Amino acid sequence: MSPRSRRNALTYFNVMVVGFSGVGKTSFIKTLMAALKDEMPKDKRESFGSQPASDANALSGPLTKTQKPYTVTSGIDVDGEKVMLTVIDTPGFQTDYLIDKQLHDILGYIEHQFDLTLAEESKVKRNPKAVDTQVHACLYVIDPTKRALDQYDIRILTRLSERVNVIPVIGKADTLTLAQRRRLKPTILRDIYTNQKIPLYGMPEDEEDDEEEEEEKKEENDDDENKEDDNKEKNTTNGSNNNNKGTTGASLEDFLNQFNYQEEDEETQAFLDYLKLIPFNVIAYEDEPETGEPIAMEGIKIGRDYGWGKIDCLSDDTSDFNTLKTMLLSTHRRILQSETVERYYEQYRTERLLVKRATKLKSMDVGKKLLDDLKRV
Ligand SMILES: Nc1nc2c(ncn2[C@@H]2O[C@H](COP(=O)(O)OP(=O)(O)OP(=O)(O)O)[C@@H](O)[C@H]2O)c(=O)[nH]1
């Protein structure tokens, strides 16, 4: 697509926010929408025309507990490109008993969007204006009161990452001191990368299928001169085109230390920047209890007032909110979109086809058996 037609085309980008109850999911979404609204003049917003169905009023008024998933949509301009951003808020996880049921519902929502694409693809005449509702990214908001991920977080993250690009975020980061932030981050990463090997978005993968391993060994024997390159190819990053692999038992920091940032291409640099920052620390704005609007503060549009000090939610000095926003909407958006199609949707489609084939074969077997039985009668 030429840069010009890319500018005119409308692209859909859908982000889901998931986590335990009370970690600040709805507040984060309100902060994101407020920040985007602030960046984009009203007339430009209106130029997007009709928007996909969304619960436009869901974010207005005082904060309440989210009871069922809902979406909020906003047309935004990203580097001259029209993006229809939809954010999906989900009810927070609560008790052990409900976690699997809630997880099942969330995964069901994600899979339903794949089914919609499958149905559209199987039409003789496809709708060129079909809305892309696939979930391109899922922010998992981690409870800042935890010292590390617990078994539930690990279970949820593992299941989610089978279907969607999962990005870890620490909510309410203002409730942590700098030392606490510094301790929590590596602990979370150790669990995700070193101990549990959960393939979240961008995570280096160290598991190779046997075929690949054998091929590499063969290549090493065949061409000694290419040894150095082959070693580099032992690394692969989830969601990236580069082939950089982690080493079993090593930390994410060890993995990152293998790179010479300046010498890498733009996409690898984008991944290195991302991996250095996860899990992102975010702080949501403080709302007026009656209206739900940001509290009024001199010189700060969206922030929090502690009495002893104020913070600007958009300032890079206090949180990673701004960086996360840029990463999602600008530097990583296209990769997240293509990963959704190439990795998750394709995987889902293959699974569905296999199930269909197995059912067909089973019914053929049953039919054949019936015929055989009838012949015998
Ligand atoms: N200090 C602080 N408080 C926050 C922040 N974000 C949200 N809160 C507060 O945390 C409480 C819960 O926030 P919500 O946004 O409703 O949390 P949620 O995860 O959507 O909760 P559920 O709807 O139950 O799933 C509210 O009292 C918010 O004001 C934050 O960044 N810092």
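Above: the structure in question.
Computed from a predicted structure; not experimentally measured.

## Observations regarding the overall build of the protein chain
Moving on, step 1. Across its full length, the protein chain carries 12 helices and 10 strands.
Moving on, step 2. The 377 residues of the protein chain split such that 44% are buried.
Moving on, step 3. Within the protein chain, residue pairs in contact and separated by at least 24 positions form 70% of the contacts whose partners lie at least 6 positions apart.
Moving on, step 4. Counting only carbon and sulfur atoms, one obtains 49% of the accessible surface of the protein chain, whose full area is about 21,300 Å².

## Some thoughts on a positive patch on the surface
Moving on, step 1. Where like charges cluster on the molecular surface, the positive patch consists of Arg352, Lys356, Arg357 and Lys360.
Moving on, step 2. With respect to the element layout, Arg357 can be found in helix H12 (residues 333-376).
Moving on, step 3. Arg357 sits in the exposed class, given a relative accessible area of 52%.

## Looking at the nonpolar core
Moving on, step 1. With 82 residues, the main nonpolar core has Leu85, Tyr140, Leu160, Ile167, Leu324 and Leu328 as its most contacted residues.
Moving on, step 2. In this view, Leu324 contacts Phe28, Leu139, Ile167, Val169, Phe280 and Val282; residues no more than four positions away in its chain are not counted.

## Focus on helix H10 (residues 266-277)
Moving on, step 1. Helix length check: H10, at 12 residues, gives a terminal C-alpha distance of 17 Å against a target of 16 Å (1.5 Å per residue), a fit within 8%.
Moving on, step 2. If you check the start of H10, you find a side-chain oxygen 3.2 Å away from the backbone N of Glu267, and it comes from Asp265.

## Structural notes on the site of the ligand
Moving on, step 1. Around the ligand, 18 residues are found, and the nearest of them are Ser21, Lys25, Ser27, Thr66 and Asp174.
Moving on, step 2. A distance of 2.6 Å separates an oxygen atom of the ligand from a polar atom in the side chain of Ser21.
Moving on, step 3. Interatomic distance of 2.8 Å between a backbone N/O atom of Ala284 and an oxygen atom of the ligand.
Moving on, step 4. Relative to its free-state accessible area of 650 Å², the ligand is covered by the protein chains to the extent of 81%.
Moving on, step 5. Considering every element that reaches the shell around the ligand, the biggest residue donor is helix H2 (residues 25-39), with 3 residues.
Moving on, step 6. Per-class residue counts for the shell around the ligand are 5 nonpolar, 8 polar and 5 charged.

## Focus: the sheet that holds strand S2 (residues 70-78)
Backbone-to-backbone hydrogen bonds join strands into a sheet, with any given pair of strands oriented parallel or antiparallel.
Moving on, step 1. The strand order S2-S3-S1-S4-S5-S8 describes an open sheet built from 6 strands, whose pairing is mixed. The open sheet has two edge strands, S2 and strand S8 (280-281), and neither has a second partner.
Moving on, step 2. Pairing of strand S4 (residues 137-142) with strand S5 (residues 166-170), which is carried by 5 bridges, proceeds in the parallel orientation. Bridge pairing in S5 links Tyr140 to Pro168.
Moving on, step 3. With respect to the sheet, helix H5 (residues 151-160) is in contact with strand S1 (10-19), S4 and S5, its orientation differing from that of S4 by roughly 175°.

What counts as what
- Residues numbered from 1 in each chain as written.
- Predicted model: local features only at pLDDT ≥ 70, side-chain atom pairs only at ≥ 80, totals over all residues.
- Heavy atoms only, no water.
- Helix = DSSP H or I, 4+ residues; strand = E, 2+ residues; numbered from the N terminus.
- Buried < 20%, exposed > 50% of the residue type's maximum accessible area, 1.4 Å probe, protein only.
- Contact = heavy atoms within 4.5 Å.
- Areas by Shrake-Rupley, 256 points an atom, 1.4 Å probe, with all protein chains shown as cover.
- Patch = residues over 30% accessible without salt bridge, like charges linked within 9 Å, V, L, I, M, F, W, Y side chains within 5 Å.
- Salt bridge = Lys/Arg side-chain N within 4 Å of Asp/Glu carboxyl O.
- Lys, Arg positive; Asp, Glu negative; His and termini not counted.
- Charge placed at Lys NZ, Arg CZ, Asp CG, Glu CD.
- Core = buried A, V, L, I, M, F, W, Y, C linked by side-chain atoms within 4.5 Å.
- Expected span 1.5 Å × (residues − 1).
- Polar contact = N/O pair within 3.5 Å; in protein donor to acceptor, adjacent residues only side chain to side chain.
- Near = heavy atom within 4 Å.
- Nonpolar A, V, L, I, M, F, W, Y, C, P; charged D, E, K, R; others polar.
- Pairing = 2+ DSSP bridges.
- Axes fitted to C-alpha atoms, helices over the stretch in contact; angles between N-to-C directions.

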